[in-house]
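The lines below spell out each chain.
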Amino acid sequence: MPGVMSRLTRGRLSALGRAARPLTRGVRYARAFSTQPEAMEFKAETRKLLNIVAKSLYTDKEVFVRELISNASDACEKLRFLQQTGLTDITDSDVPLEISVEADESGRIFTITDTGVGMSREQMIDQLGTIAKSGSLDFVNNAAAGSASADSNIIGQFGVGFYSTFVVADKVQVFSRSADPSLGAGHVWESDGMGSFTVAEMDGLKRGTKIVLHLKSDAAEFASQGKVKEAAQKYSSFVSFPLKVKEGEEMQELNKTEALWLKSDTTEDEHTQFFRFLGGTTYGEPLMTLKFSTDAPMSIKSVFYIPKDPPSRWFQKDPEVGVQLHSRRVLVKKHADGVIPKWLFWLRGVVDCEDMPLNISRESMQDSRLMSKLSNALVRRFLRFLEEQGRKQPETYKTFYNGYSYYLKAGLLDDATTNGGAHKEAIVKLLRFECSQKDQGEVVSLAEYLEGIPAAQQNIYYFYASDRATAMASPYMEFFTKRKRNVLLLTEEVDEFVVNQISDFKGKKLVSIDAADQDFEPLLDAPAEDETSEHKLTADDKEGFEKWIKGVLGEKIQNVKWSDRLSGSPAVVTSQMSPHMRKMMKGLMAQSGGSNDAFNNLPSTLELNDSHHIVTTMNTIRESNPDVARMAAEQLHDNACIAAGMLEDPRSILTRLNKLLEMCVYQGAGFDYTTGQYTHTPQSPTPEFVVEEIPKKEPSSADAKDKSKTD
């Protein structure tokens, strides 16, 4: 009962409270905030935090070499800055600023030493004992407060790079003595990375800092001099101070190569040597060189090289980008994908961003939108450089284009799918094509093509063929050759995808001359002389012939039309998809394991020349000699398919070709197909000749009847 009563009492009080709520709300809230909030600090388990930094922050063990060299470079830079701003009383003032790295394979020890600004006992405790406290950043801020700028050459930002040592070491010792003599003797800092450290005074230390890593068993490779040298060269070849590595008993300087992108004046020989350095070779030369710097969207200094020898297109499954990404001379990414698009993988060079927003491990950029802006700015500038070279150095550009045209075209397609076509206009300006009205080997840009056409011409005409000779001999060219109208000749497999992507240029539509149902502007530049044949089919003849040939060819064609584009050829075949595109799509479907049936049965149109003697003669004999006329009609269609590149297997017409060859031989021997008799007696006995119809592939084709012709 007491429990029930208690619940009833609470219910009444609750109801009463609800009834009185409008009157008491302000009072109740006032009581809730009657005391001041107490400020609290986050707490962290140092051991766990160190474990996270050591094991989860960095993706590659060797990054610790980069971090330690960067810290050493900052220490030297700080001392140089202090000297430049008036500090004269310096410990060991005769010792030059430099960095050295050593490895002891037998003791599994890695050592790095710098002769920079060093640290006092308090600085060791404050900077090494506090995770994520950047001494370099504090130095820059203090310098800025004193109206001096020290940030251009300082690398460190986050204050966690030092702790990358615990990725590879189970004990770290730091021996350091400050450059300020008033701070006394040196000290040694020591930790196993498990959450605590010790600091002790030590005499006999020289100015600067020495870090000794006692390597873990799974990181013993970094006690090898060869591995240390490789990692140091990879990440820190361009630090501002001499970087030396012990080889044998001698110290060898690694960074003799200057950061060429930071120099204001450079020679051609320097660029050649730097190009070879980037490629890791002792040979090769750049075809073109571009040095580029800007402050938007961030501070960028860069140098780009186009190799004189283009890469092979074969066996290039997933090539790596050849441009390196640096931040303040320190390597961030050896292959700057994300900044340089994949289709420019052949470009060599360095991009250095001082104010790049890196993630805490300094292995990639934090801001993906800013990275996209950076990429677009670099690509835009490089494409503009190529356009300038095309105008100023046409022969050099021609050499470049002959080797790299495929990659520009691939870039146009890739940019459309991955970047929304941001660089379409710039890439299109760089493209060059052969054309029908110029000699073989001469190329024009689309802009130059437009300069040579009548102002009233609405289309840019092009034609794909395996080579120039094939293109010029094609029946599709007759209309344009007769009018001396220029046609772009495309001979690379990727070209048709490219023109489909371009679609139009400066308001002119790109039109393939083998396309169906296109306006080829016949009245624009009609030929001066009318060469119309006297033997031309009448309207009734056309109607009858059209019906007859449709019956002969059946499902091979969808439609028959009388064309005004032909002069020297009897027929062409057209389709909604160009023959080359159809072939390319079939190849892609075959690679993906899909069916080609849809591309095998694309509807096509047979366009006929009503004044060609083959067509007019065929119309004459289609009733008097139907077997020969039928065979001729089928061969006419096959010939048109061959000209269009639509005949998949030429062996399918060999039987008919042999029969036609036989007919030619018999006619040459004096055989009259009208009477079925020889006009004169042949010199030797001739076997009986029979015209046989070739079996049709289509089920709708009529069966042929054998007809014997005897001597």
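The rules we used
Residues numbered from 1 in each chain as written. Predicted model: local features only at pLDDT ≥ 70, side-chain atom pairs only at ≥ 80, totals over all residues. Heavy atoms only, no water. Helix = DSSP H or I, 4+ residues; strand = E, 2+ residues; numbered from the N terminus. Buried < 20%, exposed > 50% of the residue type's maximum accessible area, 1.4 Å probe, protein only. Contact = heavy atoms within 4.5 Å. Areas by Shrake-Rupley, 256 points an atom, 1.4 Å probe, with all protein chains shown as cover. Core = buried A, V, L, I, M, F, W, Y, C linked by side-chain atoms within 4.5 Å. pLDDT = per-residue confidence, 0-100. Polar contact = N/O pair within 3.5 Å; in protein donor to acceptor, adjacent residues only side chain to side chain.

**Q** Tell me about the overall build of the protein, and name the residues and values.
**A** Summing up its helical and strand segments, the protein has 20 helices and 25 strands in all. Taking all 711 residues of the protein together, the buried fraction comes to 44%. Summarising the internal contacts of the protein: among those between residues at least 6 apart in sequence, 69% fall at separations of at least 24. Element-wise, carbon and sulfur atoms account for 49% of the exposed surface of the protein, whose accessible area totals about 37600 Å².

**Q** Could you give an account of the nonpolar core, with specific residues and numbers?
**A** Ranked by size, the top nonpolar core spans 96 residues in total, and within it Trp-346, Phe-382, Leu-386 and Leu-606 carry the most contacts. Element by element, the count of residues in this core is highest for helix α8 (residues 368–392), at nine residues. For Leu-386, the contacting residues outside a window of four places in its chain are Met-288, Ile-306, Tyr-397, Phe-400, Leu-408 and Leu-430. Membership of the second largest hydrophobic core comes to 45 residues, among which are Ile-99, Phe-110, Met-119 and Met-124.

**Q** Give a detailed account of the confidence of the model for the protein, specifying residues and quantitative values.
**A** Of the residues in the protein, 77% reach a pLDDT of 70 or more, and the chain-wide mean stands at 81. Taking the mean pLDDT of every element in the protein, the minimum, 41, falls on strand β25 (residues 707–709) and the maximum, 97, on helix α10 (residues 424–430). Every residue in residues 1–30 is under pLDDT 50, and counting partners more than four places away or in other chains gives zero contacts. Low pLDDT, under 50, characterises residues 154–159; the predicted model gives this stretch 31 contacts beyond four residues in sequence or across chains.

**Q** How would you sum up the side chain of His-423? Please name residues and give values.
**A** Note on placement: His-423 falls in the loop between α9 (394–418) and α10. For His-423, a relative accessible area of 4% translates into the label buried. When neighbours within four sequence positions are excluded, His-423 is seen to be in contact with Asn-376, Val-379, Arg-380, Leu-383 and Asp-415.

**Q** Describe the side chain of Asn-609, listing the residues and the values that go with them.
**A** Relative to the helices and strands, Asn-609 is located in the loop between β21 (604–608) and α18 (613–624). From its side chain, Asn-609 meets the backbone oxygen of Ser-567 in a polar contact 3.4 Å long. Beyond its immediate sequence surroundings of up to four residues, Asn-609 is in contact with Trp-562, Leu-566, Ser-567, Ser-569, Pro-570 and Val-615.

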